[in-house]
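Overview (structure and organization)
Take a look at the letters that make up each chain.
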Amino acid sequence: MPAPPDVFWPTALINGQLCVRGHGRDYDEWTQIGCRGGSFDDVLPCFRKSGNWKGPGNVRRGTGGPLGTVPGRDDNPLYIALIKAGRELGNLVTNDCNGTRQQGFGLSQYTHDHSFPLRHSASNAYLMPARRRRNITVVTGARVLKLCVEDKYCT
């Protein structure tokens, strides 16, 4: 059945467009079992550098990076009712699931701009702007077995 004309159906990267980082304790646990440099404090600078957050600022957010993220809209009464019900049942509520309180009921966050409904993926943020550079070759269908870093360059 064809989509109604007023509905946008993207042809690539079909998903919920949600922006959800792993919980900070998960990263810390990875460090405890041997992943040196993988603690939340270690990866947080990468999150901050890559992010271009369009919501209220906090210490876990970056605003100048290439990966755009936005807070969910709070103009849907169903969302507000769901958050309220969660609170009434004794659950935590969070204003920013990727901020300092990751647990709880709250609005989703997205990797898109509300005015343009396409997902802003890592590919769109990093690869697309660089694809015309002479020193980058994109091979589709390639299987990467190893990355070699020499003098700060990946080959």
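Report on the accompanying structure. Please read all numbers here as calculations on a predicted model, not as lab measurements.

Conventions adopted
- Residues numbered from 1 in each chain as written.
- Predicted model: local features only at pLDDT ≥ 70, side-chain atom pairs only at ≥ 80, totals over all residues.
- Heavy atoms only, no water.
- Phe/Tyr/Trp six-rings, centres within 6.5 Å; stacked < 30°, edge-to-face > 60°.
- Helix = DSSP H or I, 4+ residues; strand = E, 2+ residues; numbered from the N terminus.
- Buried < 20%, exposed > 50% of the residue type's maximum accessible area, 1.4 Å probe, protein only.
- Patch = residues over 30% accessible without salt bridge, like charges linked within 9 Å, V, L, I, M, F, W, Y side chains within 5 Å.
- Areas by Shrake-Rupley, 256 points an atom, 1.4 Å probe, with all protein chains shown as cover.
- Salt bridge = Lys/Arg side-chain N within 4 Å of Asp/Glu carboxyl O.
- Lys, Arg positive; Asp, Glu negative; His and termini not counted.
- Charge placed at Lys NZ, Arg CZ, Asp CG, Glu CD.
- Pairing = 2+ DSSP bridges.
- Contact = heavy atoms within 4.5 Å.
- Axes fitted to C-alpha atoms, helices over the stretch in contact; angles between N-to-C directions.
- Core = buried A, V, L, I, M, F, W, Y, C linked by side-chain atoms within 4.5 Å.
- Arc of directions from axis to C-beta.
- Polar contact = N/O pair within 3.5 Å; in protein donor to acceptor, adjacent residues only side chain to side chain.
- Disulfide = S-S within 2.5 Å.
- Parallel < 35°, antiparallel > 145°, perpendicular 65-115°, else oblique.
- Nonpolar A, V, L, I, M, F, W, Y, C, P; charged D, E, K, R; others polar.

A closer look at the packing of aromatic side chains
With the rule as written, the count across this model stands at 4 aromatic pairs. Residues Tyr27 and Phe47 carry aromatic rings whose centres are separated by 5.9 Å and whose planes lie at 75° to one another, so their mutual orientation is edge-to-face. Placement of Tyr27 in helix α1 (residues 24-32) and of Phe47 in helix α2 (residues 40-50) is noted, with a sequence separation of 20 residues between them. In this structure, Tyr27 and Phe47 share a single accessibility class: buried.

What to know about a negative patch on the surface
On the surface, Asp26, Asp28, Glu29, Asp41 and Asp42 cluster together to form a negatively charged patch. Listed by contribution, the elements that provide at least two residues to the negative patch are α1 and α2. Sorting elements by how many residues they give to the negative patch places α1 first, with 3 residues. Of note, Asp28 is situated in helix α1.

Considerations on the sheet that holds strand β2 (residues 67-71)
One open sheet holds the 3 strands; their spatial order is β1-β2-β3, and the pairing between them is mixed. Because the sheet does not close on itself, it has two edges, and the strands there are β1 (51-53) and β3 (109-110). As paired strands, β2 and β3 are joined by 2 bridges and run antiparallel to one another. When the bridges of β3 are listed, Val70 appears paired with Tyr110. Relative to β1, α2 is tilted by about 60°, and along the sheet it contacts β1 and β2.

Points about the nonpolar core
Grouped together as the largest cluster of nonpolar side chains are 5 residues: Tyr27, Phe40, Val43, Leu44 and Phe47. Of all the elements, α2 adds the most residues to this core, at 4 residues.

Focus on α2
By the burial criterion, the buried members of α2 are Phe40, Val43, Leu44, Phe47 and Ser50. The arc that holds the buried residues of α2, viewed along the axis, is 135°, so those residues lie on one side. Among the exposed residues of α2, those pointing more than 90 degrees away from its buried face are Asp41, Cys46 and Lys49. Where α2 is buried, its residues contact α1, β1, β2 and α4 (122-130).

Some details on the side chain of Gln109
Inspection of the secondary structure assignment puts Gln109 in strand β3. Judged by relative accessible area, Gln109 falls into the buried class, the value being 3%. Side chain to side chain, Gln109 and Asp96 meet in a polar contact 2.7 Å long.

Comments concerning the state of the cysteines
Inspection of the entire model under this criterion finds 0 disulfides. Left without a disulfide partner, Cys148 is nearest to the cysteine sulfur of Cys154, which lies 7.4 Å away.

Quick look at the packing of α1 against α2
Two numbers describe how α1 lies on α2: the axes approach to 8 Å, and their chain directions differ by 125°. Comparing their axes, α2 and α1 come out oblique. Here Gly24, Tyr27 and Asp28 of α1 come into contact with α2, specifically with Phe40, Asp41, Val43 and Phe47. Residue composition of the contact of α1 with α2, by class: 4 nonpolar, 1 polar and 2 charged.

Thoughts on unusual backbone geometry
The backbone of Asp151 shows a phi angle near 50°, a positive value even though the residue is not glycine. Look at Asp151 and you get exposed, because its relative accessible area is 71%. Of note, the phi angle at Lys152 is positive, near 70°, even though the residue is not glycine. For Lys152, the location among the structural elements is in the loop between β4 (149-150) and β5 (153-154).

Function cannot be inferred from these measures alone, as they are strictly geometric.
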